[in-house]
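# Report on the structure
If you want the building blocks of each chain, they are given just below.
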2 protein chains.
Amino acid sequence: MTMQQTGGRRRPPTIHDVAREAGVSRGTVSRVLNGGHYVSPAAQEAVNAAIRRTGYVVNRHARSLITGRSDSVGFLLTEPQERFFEDPNFNVLLRGCTQALAAHDIPLLLMIAGTEAERRRITRYITAGHVDGVLLVSSHSGDPLAERLRDAGVPLVACGKPIGQASRISYVAADDRDGARYMVRHLLSLGRRRIGTITGPLDTPGGVDRLGGYREVLAEAGVALDERLVATGDYSRAGGEACAARLLDRVPDLDALFVASDLMARGALTALQRAGRRVPEDVAVGGFDDSPAATATEPALTTIRQPWDRISSEMVRVLLALIGGEDPAAVILPTELVRRASA
Amino acid sequence: MTMQQTGGRRRPPTIHDVAREAGVSRGTVSRVLNGGHYVSPAAQEAVNAAIRRTGYVVNRHARSLITGRSDSVGFLLTEPQERFFEDPNFNVLLRGCTQALAAHDIPLLLMIAGTEAERRRITRYITAGHVDGVLLVSSHSGDPLAERLRDAGVPLVACGKPIGQASRISYVAADDRDGARYMVRHLLSLGRRRIGTITGPLDTPGGVDRLGGYREVLAEAGVALDERLVATGDYSRAGGEACAARLLDRVPDLDALFVASDLMARGALTALQRAGRRVPEDVAVGGFDDSPAATATEPALTTIRQPWDRISSEMVRVLLALIGGEDPAAVILPTELVRRASA
DNA sequence: CTGAAAGCGCTTACAG
DNA sequence: CTGAAAGCGCTTACAG
C-alpha cells in the first residue's frame, strides 16, 4: 500500500497526466521540467499550464533512479563528544547550510557518526550514492572518515582546514591565524605585555593557527616568548577554567589572556574571578568565535567574529560546484575584532 | 553521467549481480532483502553470501519508486525567530531524534520553515511524498502547518501538546503541569509564601500548563492568589530579566520565583542581582528544563528536568507506528525536580 | 519455495 | 522541435 493511499490521499498526478492534459508526449513534459531546451514556446506554455492545473510535482525517486543523483546532501557530524552539540556555532552552521541548500531545493540529511559502528554504517550509506555530496563537520580534523569518503569519490567539503599534508579535500574556514593576530595586537595596544594564551587542541587547525598568530605578533612586537604563558585547552568551558587557573599559578603577574574560544574564555573568567582578578582592569581577556557565549558573560567578551553565515553559504556553494564536476577548492574568510568590555 | 562514474567510482552492484552470483532469480534476492519470507534456508544463505561478496547495497530510489515510501522522515522546525536554535533543548532533541531514527536506518531530513514562502515550499515537498512522516517542532503550537499536513494525510508527531481543541495530532510532551507543581511545592516547603512566577507565552502549552500547576498548588496550600505575582514572559533571557524587574517593582517583598524556563530564569537572576537581592537567601529561584543553562548560572539553578532523551525516542516511536498505520497517540512523560543551589 | 513478467515514474538517445 | 521506445533497479502478484 502506498503512502498516498493511507490517510485518504489521492494518487498524485504523474508526468503522464500532465502530458495528456497538455496534449503532448511525456518526453516533451520531461524536457520542460529539465530546463525547457528544444521545446517550442507553445508546448512550453501548454505544459506549464497543465502542471499548474494538475498540481504535478516531480517524483524524485523515479528521477534519481535514472540520473543516479539523489538531489540531496548530507551534513555529517563526526564527534564522539556531545560537546559539539552544545557549541552554539554548530547551530548557526547547521541552520545556515539548511537554508542555503533550501534555496536550491535540496534537502539536507543530518548524519551523526559518533561511534565506529555508526561511521561504518554511514560510510556505506553515503558511498551507496544516497546523497550527492557531504558537508563534513568535525572538530578534530585529520578525520579518517574524510579520507575514506574522498577516496570513494564522494564530493566533500569540510568546515575548517583538514590537518594533514595536501589532502585535496575542499574546505571553508575562517582565517584563524589572522584573527589571532588582531586580538593579540589589540591586547598589546592596551599596554599589556604579560599575555597568556589558552589554545584549542593542537590537532585542530583552530588550535594550531590561533597559537601561531599569537606567537607571530609577540615576536614582531619584540616581546619575549615565555612558554609558561601557553596552556593547551580542549574547547570546553571546564577546560578553559582549569587552564586559566594553571596559568595564574605559573605566572601570577599575567595581565592579559587570549583564549581560543568564547566557551573556554567563559571558564577562564570564572577562574580569574575566583582568584580575585578584575577583568579587564587586572587581566584583559579576549575570546574567539563571537558566539552567543560572548555576550552571556559579565563582563561581555571582546572576541574575534567568525563569519558563520558566510562559512555555511560558501560550504554549500563549493559543494554544489564539486558535485557539478569542478575541482576542489579552499576558501578562507576574514575575521573581525569585536570589542566589548573584557579587553 | 551518474555520480558513480564521477570520481572514479565503479557502477555499484545491482540485485541482478547478486542474483547471478547466488544462482537464483532476482525475485528471490528481493524476498531475502524484504524479510526472507517464502525463501528456503539454502537460498537465503546463498543470497546473503552473494550480498557480502558483491558489497551490494539496495538502491533506495528504485525501491521507493515501487513502494511509494521514501524511508526517510522530516524534522520540521517552524519558527520565525532564531531563538529556537539558541535553545539548548533543541540540540538535544534533534540529536536524539537523529539517533533514534538511525537505529532504524532511516535518515532525517532537516527542514526549516521560518517564512510563509518556506512553509509553502516545504508543504509541497512533504505532501508530494518525499518523506514518510514528519516530526514537528514549533514553540508556538496551534501551528497552521500542523493542521495542513494532518489534513493532507501526512503522519505527524508534534513535540509538545498542540493547542486547540481535539486536533487529533499525535504528540509527545513532558508533564508541564506536574513539573510546575513539584517546583511550587518545593518552594513552599522552603517556607516561601510570596511566590512569583514568570510564565511562558500563553499560546504555548508550556506557558499555560506551568502557570496552571502554579495556581493549583498555591490554591491547595491555601495561599491567596495575587495576580501581581504573575508576569508573562516569552522564553527569552531578556524577557526573563524584564519580567523579574517588573515583579520586584510590583511586589518588593516576594521571596521566591518560579520561572517557566531556565533561560528566562537566567535573565531573572541578573535582575535580582541588580536589585541587590541574594539568591536563594532573599529570593529562591526555580527554573524549568534542566538545560545546560541551569548549571551555567551562579548560583546553579534548581529546576525541573524534562526527559529530552525519552521525548525524542518516543516521538520517533510514535511516528513510525503512525506510518505503519496505527492510530494517533499522545505520550506524556514525567518530569523530575533537580535540586541545586538557587532554591 | 521459486522464476518469469509486469510495472513503478521518470529521462534520454534515437528517429523523424 | 517532438514522439515512440528503451531502460534505470527494484517489488510483487501470478503461476507453477
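Residues numbered from 1 in each chain as written. Chains lettered and ligands numbered in written order. Predicted model: local features only at pLDDT ≥ 70, side-chain atom pairs only at ≥ 80, totals over all residues. Heavy atoms only, no water.

In the annotation of an unreviewed UniProt entry, the entry for chain A reads LacI family transcriptional regulator, and the organism field reads Streptomyces kanasensis.

### Here we look at the sheet that holds strand β6 (residues 195-199) of chain B
Residue and element names in this part refer to chain B. The sheet built from four strands is open, its strands ordered β7-β6-β8-β9 with parallel pairing. Edge positions in the sheet fall to β7 (230-232) and β9 (284-286), since each of these pairs with one other strand and no more. Averaged over neighbouring strand pairs, the angle between their axes works out to 15° when direction is ignored. As judged from the four bridges shared by β6 and strand β8 (residues 256-259), these two strands associate in the parallel manner. Paired with G196 across the two strands is L257, which belongs to β8. With respect to the sheet, helix α9 (residues 176-189) is in contact with β6, β8 and β9, its orientation differing from that of β8 by roughly 170°. Its contacts with the sheet put helix α12 (residues 262-274) on β6, β8 and β9, and the angle it makes with β8 is roughly 155°. (Pairing = 2+ DSSP bridges. Helix = DSSP H or I, 4+ residues; strand = E, 2+ residues; numbered from the N terminus. Axes fitted to C-alpha atoms, helices over the stretch in contact; angles between N-to-C directions. Contact = heavy atoms within 4.5 Å.)

### Regarding the protein's contact with DNA strand D
Within the structure, DNA strand D sits among 25 residues, and R31 of chain A together with I15, S30, Y56 and I66 of chain B are positioned closest to it. A breakdown of the atoms of DNA strand D within 4 Å of the protein gives sugar and phosphate a share of 65%. Between Y56 of chain B and DNA strand D, the recorded distance is 2.4 Å, taken from a side-chain N or O atom to a phosphate oxygen. Every element with two or more residues in the surface near DNA strand D is listed here: α2 (26-33) and α4 (60-67) of chain A together with α2 (26-33) and α4 (60-67) of chain B. (Near = heavy atom within 4 Å. Polar contact = N/O pair within 3.5 Å; in protein donor to acceptor, adjacent residues only side chain to side chain.)

### With respect to the sheet that holds strand β9 (residues 284-286) of chain A
The strands making up a sheet associate through backbone hydrogen bonding, with each pair oriented either parallel or antiparallel. Residues and elements named next belong to chain A. In spatial order, the strands read β7-β6-β8-β9; together these four strands make up an open sheet with parallel pairing. Either end of the sheet is taken by a strand with one partner, and the two such strands are β7 (230-232) and β9. Averaged over all adjacent pairs, the angle separating strand axes in this sheet is 15°, with direction ignored. Docked against the sheet, helix α10 (residues 205-220) engages β6 (195-199), β7 and β8 (256-259), running at close to 165° with respect to β6. Contacting β6, β7 and β8, helix α11 (residues 237-250) crosses the sheet at an angle of about 155° to β7.

### Observations concerning the UniProt feature "domain: HTH lacI-type" (unreviewed entry) in chain A
Mapped onto this numbering, the UniProt entry annotates "domain: HTH lacI-type" (unreviewed entry) at residues 13-67 of chain A. Structurally, residues 13-67 of chain A is divided into 69% helix and 0% strand, and its ends, taken at the C-alpha atoms, are 21 Å apart. (UniProt positions renumbered as here; feature names shortened; annotations may be inferred.)

### Some words on the pattern of salt bridges
Residue and element names in this part refer to chain A. Following the criterion strictly, the structure yields 48 salt bridges over all chains and no others. Two residues, E216 and R177, come together in a salt bridge whose shortest N-O distance is 2.4 Å. You can see E216 sitting in helix α10 and its partner R177 sitting in helix α9 (residues 176-189), a full 39 residues away along the chain. Residue R177 is classed as partly exposed on the basis of its relative accessible area of 31%. For E336, the salt bridge is made with R305, and the minimal N-O distance between the two is 3.8 Å. Residue E336 is located in strand β12 (residues 336-338), and its partner R305 is located in strand β10 (residues 303-305); the two are separated by 31 residues in the primary sequence. The exposure class assigned to R305 is partly exposed, which follows from its relative accessible area of 35%. What emerges from the salt-bridge pattern is a single network uniting K161, R177, R181, D209, E216 and E220. (Salt bridge = Lys/Arg side-chain N within 4 Å of Asp/Glu carboxyl O. Buried < 20%, exposed > 50% of the residue type's maximum accessible area, 1.4 Å probe, protein only.)

### Let's talk about the relation of the copies chain B and chain A
Least-squares fitting of chain B to chain A yields an RMSD of 0.1 Å, with the superposition described by an axial translation of 0.1 Å and a rotation of 180°. The operation mapping one copy onto its partner corresponds to a two-fold rotation axis. When the interface residues of chain B are mapped onto chain A, 100% of them again fall at the interface, so both copies present the same face. (Least-squares fit on C-alpha atoms with pLDDT ≥ 70 in both.)

### Observations regarding the nonpolar core
By size, the foremost hydrophobic cluster in this structure holds 58 residues, and its most contacted members are F75, L135 and I311 of chain A together with F75, L135 and I311 of chain B. Contact partners of L135 of chain B, with chain neighbours within four places excluded, come to V73, G74, F75, L76, C97, L101, V157, M315, V316 and L319 of chain B. (Core = buried A, V, L, I, M, F, W, Y, C linked by side-chain atoms within 4.5 Å.)

### Comments concerning the interface of chain B and chain A
Each partner contributes residues to the interface: chain B has 55 residues there, and chain A has 55 residues. Inspection of the region where chain B meets chain A yields two salt bridges. A salt bridge links R121 of chain A to D105 of chain B; the nearest nitrogen and oxygen atoms lie 3.1 Å apart. Elements with a contribution of two residues or more to the side of chain B that touches chain A: α4, α5 (83-86), α6 (88-102), β2 (108-112) and α7 (116-130) of chain B. In terms of residue count, α7 of chain B provides more of the side of chain B that touches chain A than any other element does, nine residues in total. For the side of chain B that touches chain A, the class distribution of residues is 24 nonpolar, 18 polar and 13 charged. (Nonpolar A, V, L, I, M, F, W, Y, C, P; charged D, E, K, R; others polar.)

### Overview of the pairing of β2 of chain B
The element β2 of chain B is largely enclosed, with a buried count of five among its five residues. Because side chains alternate across β2 of chain B, one face comprises the buried residues L108, L110 and I112 of chain B, and the other comprises L109 and M111 of chain B, equally buried. Direction of pairing for strand β2 (residues 108-112) of chain A relative to β2 of chain B: antiparallel, over a ladder of three bridges. Considered in β2 of chain B, the bridge of L109 of chain A is made with L109 of chain B.

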